[in-house]
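# Remarks on the overall topology
In case you want the letters, here they are:
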Amino acid sequence: MAEFVKIYPENPNPKAIQKVVKVLKNGGLVIYPTDTVYGLGCDITNIKALERIAQIKGVKLEKSNFSFVCEDLSNLSDYVKQIDTTTFKILKRALPGPYTFILPGSKNLPNPFKKRKTVGIRVPDNSIALALVGALGNPIVSTSIRDEDDVLEYTTDPELILEKWDKLVDIVIDGGYGDNEASTIIDLSDDEPIVVREGKGSLEIF
């Protein structure tokens, strides 16, 4: 049974954040609000938790395209090869915001992702998500809870999210109604930016 934890985005309660972080550190799975669709996430350093998410999503962990949710750009070099000034300026303009940026992966990626040439980086403009990652001290590996054939309310209403995911995750955070529009995915791993998916994030950042 998942625990339902209410956290107010205007002022995330540090005790509630620590409670969720403790579950993440112990290998738990958490559904949490972002600036787009609610996300399903776990601690990037916990292999068992990563495997659980891959199993739920029906993919092999090594071949998954989960994104790394970061607090800011300060630890980018832990996961991403050195990027040029132009790329960095795009990231600075767009983040925090509803974007996933595909960037060249570094050699220091956690074991399951070692063979990846690229990684998806997210810095959501959501105080709860950023507080969680900040308190955890490293990224959350994340995927959207939305599937194309889902009934809309089951991915936006926290109580219905709990009903659907109750037996699959450890905590569902109620951070208010979620958005139904996914992030804009932009590939910056090559010379020219490529829009992979147009979502909530405006393309006027270029």
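Below you will find a few notes about this structure. All values reported here derive from a predicted model rather than from experimental measurement.

Criteria and thresholds
- Residues numbered from 1 in each chain as written.
- Predicted model: local features only at pLDDT ≥ 70, side-chain atom pairs only at ≥ 80, totals over all residues.
- Heavy atoms only, no water.
- Helix = DSSP H or I, 4+ residues; strand = E, 2+ residues; numbered from the N terminus.
- Buried < 20%, exposed > 50% of the residue type's maximum accessible area, 1.4 Å probe, protein only.
- Contact = heavy atoms within 4.5 Å.
- Polar contact = N/O pair within 3.5 Å; in protein donor to acceptor, adjacent residues only side chain to side chain.
- Arc of directions from axis to C-beta.
- Salt bridge = Lys/Arg side-chain N within 4 Å of Asp/Glu carboxyl O.

A cis geometry characterises the amide bond from Leu95 onward to Pro96, with omega recorded as -5 degrees. Tracing the backbone through its elements, the reader meets Pro96 in the loop between helix H3 (85-94) and strand E5 (99-104).

All right, on to the environment of Asp43 then. Structurally, Asp43 is set in strand E3 (residues 39-43). By relative accessible area, which is 5% here, Asp43 ends up buried. Along the sequence, Asp43 and Lys57 sit 14 residues apart, while their C-alpha atoms lie 16 Å from each other. Those residues in contact with Asp43 that sit more than four places away from it in its chain are Leu24, Lys25, Leu50, Leu136, Asn138 and Pro139. Polar side-chain contacts of Asp43 include one of 2.8 Å to the side chain of Thr45.

A word on H3. Listing the buried residues of H3 in full gives Thr87, Ile90, Leu91 and Ala94. For H3, the buried positions fall inside an angular range of 95 degrees around the axis, keeping them on one side. What points out from H3, more than 90 degrees from its buried face, is the exposed set Thr85, Lys92 and Arg93. Each element contacted by the buried residues of H3 is listed here: E5. One side-chain oxygen of the residue at the start of H3 lies 3.3 Å from the amide nitrogen of Thr86, identifying that residue as Asp84.

Turning our eyes to something else, we now look at the pattern of salt bridges. Evaluated as defined, the whole model comprises five salt bridges. In this structure, Asp170 and Arg52 form a salt bridge, with 3.1 Å as the shortest nitrogen-oxygen distance. Taken together, the residues span a long stretch of sequence, with Asp170 in the loop between helix H6 (158-165) and strand E8 (171-174) and Arg52 in helix H2 (residues 47-57) at a distance of 118 residues. What makes Arg52 partly exposed here is its relative accessible area of 29%. Measuring nitrogen to oxygen at the nearest pair gives 2.9 Å for the salt bridge that ties Lys200 to Asp179. Placement of the pair is Lys200 in the segment after strand E10 (194-197) and Asp179 in the loop between E8 and strand E9 (184-187), with a sequence separation of 21 residues.

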